[in-house]
Amino acid sequence: MSAPLVTVVVPARNEERDIGDCLDAILAQDHPHHRLEVVVVDGASTDRTAELAERHLAAADLARAVVVRNPRGDTPSNLNLGLAEARGEVLCRVDARSLIPSHYVRRCAEVLVQRPEVAVVGGAQVAVPRDLSPTATGIARALNNRWGMGLARYRRGAPSGPTDTVYLGAFRTDDLRAAGGWDERFPTNQDFELNRRMSQRGIVWFEAGMEVGYRPRESLGDLFRQYQRFGSWKVRYWRETGDRPRPRQVAMLVAPVVGTAAVALSLTRPRRARRAAALTAASAALFEIAGPRGPSTSAAGHLVSLGASAAVAGGWTLGAWGELLRHGRR
């Protein structure tokens, strides 16, 4: 049986720094190139993203390669424009900061062809530092910490199996169109929302052995703002769809509040404060050493990693609680 035609859709906005490496990884796929097309959707970039994408794809020996412009520029409309352009039987979403392994497209297509009960398939997200500096390696460690990232299956490198959401995702194109594509009400969290809808059509499947590199934000401030946005939009998603938080998300909402209250209470008594400080230091050390899947780093990088984990948790919690308090009655 011949390999299916696969469309790789790459939504991008102001990603001139990463689009070349992303496309190089796509062009290194072991899926037959005459059964592979690439659609880059440039979302109103103000840099050279579209130009560099066109240059990379100009000599590519593919079934089809095209760069299209989207004046709206947001992620879900970029993805829906890519879906409209797609000619493949299978569609793989690949973000511009992602680096897919060489077997990724082939394996996604195999799962969808061989297992009709699977509606969505995806792999693990692994943060990759841009360099070996303490900041870059520390932020990557924080994002690779299975305890600090809500224990989502695609974050913790679990065995293959059903899940509630996957990173990126590959779909049968006809099924994705029948489901309505990405919901453009959600500029953030649109992937989770789509996976929840697709779960009504079949299994959302995490496939082990497909580790996708991801280049994260480069400062603690940018990371904090990113996760504050994630937290806010997660609550908007619950409000708009009527879906309810998963247990791990409830824990993410409650744990920082309980932890802060416990620390404040302990400070009222010096002896308890000393014990709490010792326990906190030991817990932080265990969290940082045993939680992440790498990369290795220096002592300064470990401190950055703890700071980045605090930025992730604090940003997400503040964003979520801020949205809850603004719209508590709804």
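The structure this text deals with has already been given above.
Bear in mind that the values here come from a model prediction, so they are computed numbers and not experimental data.

Q: Looking at this structure, how should I read the overall build of the chain?
A: When helices and strands are tallied, the chain shows 12 helices and 9 strands. For 330 residues, the compact-globule formula gives about 20 Å, and the C-alpha radius of gyration of the chain, at 21 Å, lands near that figure. Dimensions of the chain, computed from C-alpha atoms along their principal axes, come out at roughly 70 × 45 × 40 Å. Counting over 330 residues, the chain shows a buried share of 50%. A separation of at least 24 residues holds for 81% of the contacts in the chain among residues at least 6 apart in sequence. Taken as a whole, the chain presents about 15,000 Å² of accessible surface, with 56% of it coming from carbon and sulfur.

Q: Even after reading the chapter, I still don't get helix α1 (residues 19-27), so can you show me in this structure?
A: The periodicity of an α-helix, 3.6 residues per turn, causes residues three or four positions apart to be oriented the same way. For α1, the full list of buried residues reads Ile 19, Gly 20, Cys 22, Leu 23, Ala 25 and Ile 26. Tucked inside the fold, the buried residues of α1 contact β1 (6-12), β2 (36-42), α2 (49-57) and β5 (98-99).

Q: Explain the packing of helix α9 (residues 220-241) against helix α12 (residues 299-326) to me, please; I cannot follow it from the model alone.
A: Any two packed helices are characterised by the angle at which their axes cross and by the distance between the axes. Between α9 and α12, the shortest axis-to-axis distance is 7 Å and the interhelical angle comes to 35°. For the pair α9 and α12, the crossing hand works out as right-handed. Of the residues that constitute the contact of α9 with α12, the class distribution is 15 nonpolar, 7 polar and 5 charged.

Q: Whenever I open this one, the nonpolar core confuses me. Can you help?
A: As a rule of thumb, nonpolar side chains are buried together in soluble globular proteins. Within the largest apolar cluster, 58 residues are counted, with the highest numbers of intra-cluster contacts made by Val 10, Ile 26, Val 121 and Leu 143. Listed in part, the 21 residues of the second largest apolar core include Val 39, Leu 83, Ala 124 and Leu 176.

Q: Even after reading the chapter, I still don't get the environment of Pro 71, so can you show me in this structure?
A: One can find Pro 71 in the loop between β3 (64-69) and α3 (75-85). With a relative accessible area of 74%, Pro 71 lands in the exposed category. For the pair Pro 71 and Gly 43, spaced 28 residues apart in sequence, the C-alpha to C-alpha distance is 6.1 Å.

Q: I'm lost on the layout of surface pockets in this one. Help?
A: The gaps of empty space that remain are located by a probe, the size of a water molecule, rolled over the atoms. Taken as a whole, the largest pocket spans an internal volume of roughly 1,200 Å³. If you go around the largest pocket, you meet 42 residues; those closest to its centre are Asp 95, Thr 188, Asp 191, Gln 226 and Phe 230. Here the lining of the largest pocket gets 6 residues from one element, more than from any other, and that element is α9. For the lining of the largest pocket, the class distribution of residues is 18 nonpolar, 12 polar and 12 charged.

Q: What should I look at first to understand α2 in this one?
A: All buried positions along α2 are accounted for by Thr 49, Ala 50, Leu 52, Ala 53 and Leu 57. Projection of α2 onto a plane perpendicular to its axis shows the buried side chains occupying an angular sector of 165°, all on one side. Looking at the buried side of α2, the elements it contacts are β1, α1, β2 and β3.

Q: So what exactly am I meant to see when it comes to empty space enclosed by the protein here?
A: What the rule picks out here adds up to 1 cavity of 30 Å³ or more. Of the voids in this model, the largest cavity is the one considered here, and its volume is about 30 Å³. Around the largest cavity sit Arg 93, Leu 168, Phe 171, Trp 182, Asp 191, Leu 194 and Asn 195, which together line it. Elements with a contribution of two residues or more to the lining of the largest cavity: β8 (167-172) and α8 (190-198). Counting residues per element, the lining of the largest cavity draws most heavily on α8, at 3 residues.

So, how was this worked out
Residues numbered from 1 in each chain as written. Predicted model: local features only at pLDDT ≥ 70, side-chain atom pairs only at ≥ 80, totals over all residues. Heavy atoms only, no water. Helix = DSSP H or I, 4+ residues; strand = E, 2+ residues; numbered from the N terminus. Rg over C-alpha atoms; globule rule 2.2 N^0.38 Å. Buried < 20%, exposed > 50% of the residue type's maximum accessible area, 1.4 Å probe, protein only. Contact = heavy atoms within 4.5 Å. Areas by Shrake-Rupley, 256 points an atom, 1.4 Å probe, with all protein chains shown as cover. Axes fitted to C-alpha atoms, helices over the stretch in contact; angles between N-to-C directions. Left-handed = near helix turned anticlockwise from the far one by under 90°. Nonpolar A, V, L, I, M, F, W, Y, C, P; charged D, E, K, R; others polar. Core = buried A, V, L, I, M, F, W, Y, C linked by side-chain atoms within 4.5 Å. 1 Å grid on protein atoms, 1.4 Å probe; cavity = no way out; pocket = protein on both sides within 12 Å on 5 of 7 lines; lining within 4 Å. Points joined across faces, edges and corners; volume = space filled by probe spheres on them. Arc of directions from axis to C-beta.

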